[in-house]
Amino acid sequence: MKFRLTIALAVLCTAFPAFAQKNQPLRVFIRAGENAPGQDAKDKSYPQFLQDWSLLLRERGATVRGALRFPTREELDVTDVLVMYAAQGNQIGALDQANLERFLKRGGGLVALNSAIIGTNTAWFKAIAGGSTVAMAGTNHQGVVGLYLQDSTHPIAQGISNFDIDDEIYYDMDILPEVKVLAAAYTPKAIDTGGK
């Protein structure tokens, strides 16, 4: 998980300074979520992410707001980058969709992490985020995987070598053809691994 968070921080710190107002700190809104039904009560991953990353980004000079819900139009109006990390994250109601489209149209940035790419609004979310998926058995993997850089010359990937990561990954996503993939991993599908 530490590597995913390091990569996400690199994205926030290097890819989006253009979204910040000149000579002003980057304004980030973290949309986390409640734990999913049936999730282990000891697992506070979404609320913990909001708490930890708010602190981490503030320590690096960003202005950070966040909530365990989707931001309002007024909150998006004072945001440069929206970071989404919530179960079924792309299940966004019509009003929130309109607010997000307005935010993106004015130049706001979007970072969708982990389960934020899952939901029922896949075609719409793919169009704005570059990729999406529906939660289905066999489209994620938890464990150690090798992450291999596809473009080590990109500013986000410079200085990073291939590495192994013990985390959860999603695959068989519906991705726009023009998306630039910076790193990829072999995905051990259940059909290939005898269900493991």
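Refer to the structure printed above.
Residues numbered from 1 in each chain as written. Predicted model: local features only at pLDDT ≥ 70, side-chain atom pairs only at ≥ 80, totals over all residues. Heavy atoms only, no water.

Enquirer: Sorry if this is basic, but what is going on with the overall build of the protein chain here?
Expert: Secondary structure summary: the protein chain contains six helices and nine strands in total. Sequence-distant contacts in the protein chain: of pairs separated by 6 or more residues, those separated by 24 or more amount to 72%. Accessible surface, the protein chain: about 10800 Å² in total, of which carbon and sulfur atoms supply 54%. (Helix = DSSP H or I, 4+ residues; strand = E, 2+ residues; numbered from the N terminus. Contact = heavy atoms within 4.5 Å. Areas by Shrake-Rupley, 256 points an atom, 1.4 Å probe, with all protein chains shown as cover.)

Enquirer: Would you mind going over the pairing of strand β3 (residues 81-84) with me for this structure?
Expert: The side chains of a regular strand alternate, residue by residue, between the two faces of the sheet. What you see with β3 is no split at all: V81 and V83 on one side and L82 and M84 on the other are buried throughout. Judged from the four bridges that link them, strand β1 (residues 27-31) and β3 form a sheet pairing that is parallel. Across the sheet, R31 pairs through a bridge with M84, a residue of β3. In this structure, β3 lies alongside strand β4 (residues 109-112), joined through four bridges in parallel fashion. Within the sheet, the bridge partner assigned to V83 lies in β4 and is V111. Of the crossover connections in this fold, the one passing from β3 over helix α4 (residues 94-105) to the parallel β4 is right-handed. (Buried < 20%, exposed > 50% of the residue type's maximum accessible area, 1.4 Å probe, protein only. Pairing = 2+ DSSP bridges. Right-handed = clockwise from strand over helix to strand, strands pointing away.)

Enquirer: Got a minute to help me understand unusual backbone geometry in this structure?
Expert: Glycine aside, the phi torsion of most residues is negative, and most peptide linkages are trans. Backbone geometry places N114, a non-glycine residue, at a positive phi of 50°. Relative to the assigned elements, N114 resides in the loop between β4 and α5 (122-129).

Enquirer: Before we go on, may I ask you to explain the nonpolar core in this structure?
Expert: Nonpolar side chains tend toward joint burial in soluble globular proteins. Of all hydrophobic cores here, the largest spans 16 residues; its most connected members are V28, I30, F49, L57 and V83. Contributing elements (two or more residues each) for this core: β1, α2 (45-59) and β3. When residues of this core are assigned to their parent elements, the largest contribution, five residues, is made by α2. Residues within four places of V28 in sequence aside, it is in contact with L57, A62, T63, V64, R65, T79, V81 and V83. Counting residues in each nonpolar core, the second largest holds 15 residues, with A67, M84, I117 and I118 among its members. (Core = buried A, V, L, I, M, F, W, Y, C linked by side-chain atoms within 4.5 Å.)

Enquirer: Looking at this structure, how should I read the environment of A185?
Expert: Take A185: it is sitting in strand β9 (residues 183-185). Relative accessible area serves as the criterion here: at 26%, A185 is assigned to the partly exposed category. Apart from the residues within four sequence positions on either side, A185 is in contact with V145, G146 and L147.

Enquirer: Help me understand the pattern of salt bridges in this model?
Expert: Close approach of charged atoms allows side chains of opposite charge to pair. According to the stated counting rule, one finds six salt bridges in the structure shown. As a salt-bridge pair, R60 and E59 come within 3.7 Å of each other at their nearest N and O atoms. A residue is classified by how much of its surface remains accessible, and R60, at 48% relative accessible area, is partly exposed. On the basis of relative accessible area, E59 is assigned to the exposed category, the value being 56%. The closest approach of N and O atoms between K126 and D174, which form a salt bridge, is 3.0 Å. Here K126 is found in helix α5, whereas its partner D174 is found in strand β8 (residues 174-175), with 48 residues between them in sequence. According to the relative accessible area criterion, K126 is buried, its value standing at 17%. When its relative accessible area of 40% is taken as the criterion, D174 is described as partly exposed. (Salt bridge = Lys/Arg side-chain N within 4 Å of Asp/Glu carboxyl O.)

Enquirer: Hey, could you run me through α2 in this one?
Expert: Note on helix geometry: an α-helix contains 3.6 residues per turn, so any two residues three or four positions apart are oriented the same way. Here α2 contains 15 residues, and its C-alpha end-to-end distance of 21 Å stays within 8% of the 21 Å for a straight helix at 1.5 Å per residue. Turning to α2, its buried residues are S45, Y46, F49, L50, W53, S54 and L57. For α2, the angular spread of buried residues about the axis comes to 160°, placing them on one side. Every exposed residue of α2 that faces more than 90 degrees away from the buried side is listed here: Q51 and E59. Two residues or fewer after α2 comes G61, characterised by a positive phi angle close to 95°. (Expected span 1.5 Å × (residues − 1). Arc of directions from axis to C-beta.)

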